[in-house]
Amino acid sequence: MVEQNVKLVKNFRYSLIAALCCLLAVPAAAKKKALVAGEGAHYVVTMKTSKGTVKFRLFNDTPNHRDNFVKLAEKGFYDNLLFHRVIRDFMIQAGDPESIEASQVKVYGNADAGYKLNAEIVPRYYHKRGAVAAAREGDDVNPARQSSSSQFYIVTGKVQNDSTLTAAQKKIAERAADPSGAQITAEREKVYRTAGGAPHLDGSYTIFGEVVSGMGTVLKISKLPTDLQDRPLGDDVYIKEVKVDLVKDRKGDK
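Below you will find a few notes about this structure. Throughout this description, residue numbers start from 1 for each chain and increase along the sequence as written. Totals for whole chains, interfaces and linings use all residues, but because this is a predicted model, local features are given only for residues with pLDDT of at least 70 and pairs of side-chain atoms are given and counted only at 80 or more. Excluded from the side-chain calculations are hydrogens and water; all other atoms, namely the structure's heavy atoms, are used.

1. Remarks on the overall build of the chain
Thinking step 1. If you tally the helices and strands in the chain, you get five helices and ten strands.
Thinking step 2. Three exposure classes are used, based on accessible area relative to the maximum for each residue type with a 1.4 Å probe and protein chains only: buried under 20%, partly exposed in between, and exposed over 50%. The burial tally for the chain puts 40% of its 254 residues in the buried class.
Thinking step 3. Note on contacts: a residue pair is in contact if any heavy atoms of the two residues lie within 4.5 Å. Put simply, of all contacts in the chain between residues at least 6 apart along the chain, 74% involve residues at least 24 apart.
Thinking step 4. Per-residue and other accessible areas were derived by the Shrake-Rupley procedure at a 1.4 Å probe size, with only the shown protein chains allowed to occlude residues. For the chain, the exposed area adds up to about 14100 Å²; of that, 54% sits on carbon and sulfur atoms. Each helix is a run of DSSP H or I of at least 4 residues and each strand a run of E of at least 2, with the numbering of both proceeding from the N terminus.

As structure tokens, this is what we get:
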């Protein structure tokens, strides 16, 4: 009987020690919070193409476009899709799911994931070189400027001058959702005159990201010879795979 009581006391001690260890471990585990986009973290997309790799950041203040792109990328939607529209000194475009067929006679650019996204046009984003934006149908059939659910473009653009900036400002006044917010400020003008871009689109399309590395790959694609439908000639240029990582914001990140 005495031996049984001793065993019970020992078991109780071991259980108590184990419980205390668990309680002490909880605060340490609690310190490791999961990363959340928009709460100190953002998504970085790594897109491997047949011409090289491009990385771009997704903006947190266009959450619907951000989350939609992540959803499609994670299920492999973009894998093997063509860059079906390439215009030198302007942009490269991909995301038509039908382009996986890679037909040599079909013209691509009319299909998407089967739905539209409401515009998220944030005034502080503009079409500088490296901007990533959602493609969409024209204003005549799409006055609300809804975005394609899957097609996107990356801006290459060209260096602007007095006459092109004046023409762009006129386009902005005529077409932008918020012409005052899309004005070409002194800061933007400097970027457009040095790095280049496509200012005539400002305020009319949802910009939801920007290239952080691999712009050389984008430019390489943009300089390829194309046919009358702006599709690259010769070997198809396509997306091999897309990976999305959630990373912690650094000091100075917007």
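2. Quick word on the side chain of T46
Thinking step 1. Among the secondary structure elements, T46 is positioned in strand 1 (residues 41-49).
Thinking step 2. Not counting residues up to four positions away in its chain, the partners in contact with T46 are T53, V54, K55, E241, V242 and K243.

3. A few points about the environment of G234
Thinking step 1. Of note, G234 is situated in the loop between helix 5 (215-222) and strand 10 (239-248).
Thinking step 2. Given the relative accessible area of 61%, G234 is considered exposed.
Thinking step 3. For the pair G234 and L224, spaced ten residues apart in sequence, the C-alpha separation works out to 9.4 Å.

4. Section: the pairing of strand 2 (residues 52-58)
Thinking step 1. Sheet topology places strand 1 next to strand 2; six bridges connect them, and they run antiparallel. Paired with T46 across the strands is K55, a residue of strand 2.
Thinking step 2. For two strands to be treated as a pair, DSSP must find no fewer than two bridges joining them. Where strand 2 lies against strand 9 (residues 207-213), four bridges are found, and the strand directions are antiparallel. By the bridge assignment, K55 is partnered in strand 9 with S213.

Everything listed is a geometric property; what it means functionally is a separate question.
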